[in-house]
Amino acid sequence: MLYYNSMIEITLDIDKISKRDEYIGQSTGTSVEGGALNANYREVDAVARVANYMGMLGYKYEKDWLWEDAGCDELTVKVNSEDIATQLKLRW
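Residues numbered from 1 in each chain as written. Predicted model: local features only at pLDDT ≥ 70, side-chain atom pairs only at ≥ 80, totals over all residues. Heavy atoms only, no water.

A. Geometry of helix α3 (residues 82-91). Buried residues of α3: Ile84, Ala85 and Leu88, and no others. End-on, the buried residues of α3 take up no more than an arc of 100°, which puts them together on one face. Turned more than 90 degrees off the buried face of α3, the exposed positions are Glu82, Asp83 and Leu90. Buried positions along α3 lie against β1 (8-13), α2 (41-56) and β3 (74-79). (Buried < 20%, exposed > 50% of the residue type's maximum accessible area, 1.4 Å probe, protein only. Helix = DSSP H or I, 4+ residues; strand = E, 2+ residues; numbered from the N terminus. Arc of directions from axis to C-beta. Contact = heavy atoms within 4.5 Å.)

Structure below.
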C-alpha cells in the first residue's frame, strides 16, 4: 500500500528533461501562442519521459512513485525511497 504522506517529494527542472516546444508552432513561428486547446507540450513530454525512465528502472507507478504536479518549468513527483530520489536527481 502506498502512503502518500510518507513519500519524498522531488522537484525537477522541466527544461533539463524535455526540449520540446511548449505549444504547436512555437519554434517555427507558425502558430499563435497558447490557447485552451494548445497544452504545454514540454510539460507533458517531461512527465512521459520520467514515467518511461522509472519504468525502465523497474519502478511501478502508484507503488514506487507518483506524478504530483507540473508547472512554472518544474515537475514534481513523489517517491517512496531515497534511492529513487537519488536516481532522479542524478539523471536530471
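This is not the end of the story, as more comes after the structure.
B. Quick peek at the environment of Tyr53. Considering the arrangement of structural elements, one finds Tyr53 in helix α2. On the basis of relative accessibility, which here comes to 17%, the residue Tyr53 falls in the buried class.

In short, the description is geometric, and any link to function would need to be established separately.
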